[in-house]
Amino acid sequence: KVSKNGTVGLRCGERTETWQVGEDREDASKKLNKLDEEIRTRLAKIIKDPVTVYFTVGHGERSFDDAAKPGERVPAKSFKKLVEGTNAKVKKLGVADGLSKEVPADAALVVLVGPTQPFLDDEVLALKAYFERGGSLLVMVDPPTPSPDGPAAGAAASLEPLLASLGVQLGVHE
C-alpha cells in the first residue's frame, strides 16, 4: 500500500498502517520529531485488537482539557493520549452511563483519575463486582492530606470498600 515516496509502511499479517512523512525535507523533519510516538501507535494498531478503556466521571476526576487554569490540578490529557496510543478507545463512565448498575461488558480497563468527590455506594459495588469478575482497574488517587477533611477525603472514604477488596489501604506517610 506504499505507492509514493515519503511514506512509512508497517504490516503484521493482513493488517497494515501507513504514515505519510512527506518528501519535502523541511516538512519531514517536523514530522520525524514524533517518530517514536507515531511508530508505537501504529504498531499497536496492527499487532493487537482494539480495546475499550473507561474513565470514571462525575467525581471531580482530573479532566482531559488542554491546560489547567491557575490553581487547578494538572489535567490527565497526556495520560489519555498514551492510553489511546495503545490501540484503546477511551470512553467516559459515570452514573449517566450506567456505572451505578454495572461496568460495561466491553471494558478492558476502568480508570479512576484523582477523584475528589465521593462515589455512590452502587458505583463502588459495580466496580467491585467488575474486578471480582476478572476486570482490571487502575485507581489513581491524589496523596492524602494530613487533614481528615482535605479535598479528596470524601472520595477516598467512599472508595474504601473497593480498595479493601483490592488489598489497598490509603494512609498518610509521616
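What you are looking at is a predicted structure, and each value in this text was computed from that prediction instead of being measured.

Definitions and cut-offs
- Residues numbered from 1 in each chain as written.
- Predicted model: local features only at pLDDT ≥ 70, side-chain atom pairs only at ≥ 80, totals over all residues.
- Heavy atoms only, no water.
- Helix = DSSP H or I, 4+ residues; strand = E, 2+ residues; numbered from the N terminus.
- Contact = heavy atoms within 4.5 Å.
- Salt bridge = Lys/Arg side-chain N within 4 Å of Asp/Glu carboxyl O.
- Buried < 20%, exposed > 50% of the residue type's maximum accessible area, 1.4 Å probe, protein only.
- Core = buried A, V, L, I, M, F, W, Y, C linked by side-chain atoms within 4.5 Å.

Asker: Please set out the environment of Glu23 residue by residue, giving values where relevant.
Answerer: You can see Glu23 is positioned in the loop between strand 2 (15-20) and helix 1 (25-32). Sequence separation between Glu23 and Gly6 is 17 residues, and the spatial gap between their C-alpha atoms is 4.8 Å. Ignoring sequence-local partners within four residues, the contact set of Glu23 consists of Asn5 and Gly6.

Asker: Describe the pattern of salt bridges, with residues and values.
Answerer: If you walk through the whole model with that rule in mind, you get eight salt bridges. Glu38 is paired through a salt bridge with Arg42; the nearest N and O atoms lie 2.2 Å apart. Of this pair, Glu38 and Arg42 both sit in helix 2 (residues 35-47), four residues apart, which is roughly one turn of that helix. Each member of the pair Glu38 and Arg42 is classed as buried. Residue Arg62 is joined to Asp142 by a salt bridge in which the shortest nitrogen-to-oxygen separation is 2.8 Å. Taken as a pair, Arg62 in the loop between strand 3 (51-56) and helix 3 (77-84) and Asp142 in the loop between strand 6 (137-140) and helix 5 (153-166) lie far apart in primary sequence, 80 residues in all. Given the relative accessible area of 24%, Arg62 is considered partly exposed. Overall, the relative accessible area of 18% leaves Asp142 in the buried class.

Asker: Go over the nonpolar core with me, naming the residues and quoting the values.
Answerer: Grouped together as the largest cluster of nonpolar side chains are 16 residues, with contacts concentrated most on Leu99, Val103, Val110, Phe119, Leu127 and Leu159. Listed by contribution, the elements that provide at least two residues to this core are strand 5 (107-113), helix 4 (121-132) and helix 5. Tallying contributions element by element places helix 4 first for this core, with four residues. Setting aside chain neighbours within four positions, we find Phe119 in contact with Thr56, His59, Glu61, Leu99, Leu112, Val124, Leu127, Ser158 and Leu159. Among the nonpolar cores identified, the runner-up in size contains eight residues, and Phe55, Val83, Val111 and Val113 belong to it.

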